[in-house]
Amino acid sequence: MTRLFGVAGVQMSVVAWDAEATVEKMARIVNRIGHSYPWVRMILFHELCVPGLVQFDERPTLEQWERVRQTIPGPLTDRLCAIARSEGKWLCPGSMYERDGKLTYNTSIVISPQGEIVAKYRKLFPWYPFEAESTPGTEFCVFDVPYAGRFGISICYDMWFPEMIRALAWMGAEVILHPTMTPTLDRDLELVISQSSAITNQCY
């Protein structure tokens, strides 16, 4: 049986350290994609798109940091859920800084076309020293898209550990969503890693 499932990847300029303004820009992009490419069913943004992170070595002020760290669910994810529901698309808004008590995680969520959060993944391998504020997650994440297949999530530096993608494949993932933000020279290497991971694990 042929299963067709269109995914659009978005790498965009953000509104620096302004999560609310960045999410509104994301809403306009999702709407534009829906009109221009109606066959696209899922839209994936890049790592740390939501908080408006411009580059890893730019340190926020305390006020900026407190503004972009959000609970999940919370006001920002409620807005993202409304976007997915309004446009009728699966939405993976890259990742965001999640506040959980005193801890901070680099977290990616997936929202269904009904506007429900169906998956939440906390990055297992923060990229130190630039993610020194982030606590590593502890769980792999897969989820099912009806009539399409099983998807897994990893974030950026996770891909440098082959066990990561292998574990998701063993959990049945046929497609790995991998929001990334790599402004450094090793971007070309990551493209090779991504291709080799897909080949060796027989997944997209």
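Thresholds applied
Residues numbered from 1 in each chain as written. Predicted model: local features only at pLDDT ≥ 70, side-chain atom pairs only at ≥ 80, totals over all residues. Heavy atoms only, no water. Core = buried A, V, L, I, M, F, W, Y, C linked by side-chain atoms within 4.5 Å. Buried < 20%, exposed > 50% of the residue type's maximum accessible area, 1.4 Å probe, protein only. Helix = DSSP H or I, 4+ residues; strand = E, 2+ residues; numbered from the N terminus. Expected span 1.5 Å × (residues − 1). Contact = heavy atoms within 4.5 Å. Right-handed = clockwise from strand over helix to strand, strands pointing away. Pairing = 2+ DSSP bridges.

A. Representation of the nonpolar core in the model. If you look at the biggest cluster of nonpolar residues, it comprises 26 residues, and the most contacted ones within it are Met12, Met26, Ile43, Phe45, Leu80 and Leu91. Residue assignment for this core shows that the elements contributing at least two residues are β1 (6–10), α1 (19–36), β2 (40–45), α3 (75–87) and β5 (103–111). In terms of nonpolar packing, the next biggest core, distinct from the first, is built from 25 residues, Cys92, Phe143, Ile153 and Met164 among them.

B. Fine view of helix α5 (residues 187–201). Over its 15 residues, α5 extends 21 Å from the first C-alpha to the last, a length consistent with the 21 Å expected when each residue adds 1.5 Å. Those residues of α5 that are buried lie in contact with α4 (162–170). Positive phi appears at Gln202, one or two residues downstream of α5, with a value of about 50°.

C. Spotlight on the pairing of β2. Counting buried positions along β2 yields five of six residues, so the element is predominantly enclosed. You can see the chain leave β1, run along α1 and come back into β2, and the turn it takes is right-handed. Bridging between β2 and strand β3 (residues 90–92) involves three bridges; their strand directions are parallel. Within the sheet, the bridge partner assigned to Met42 lies in β3 and is Trp90.

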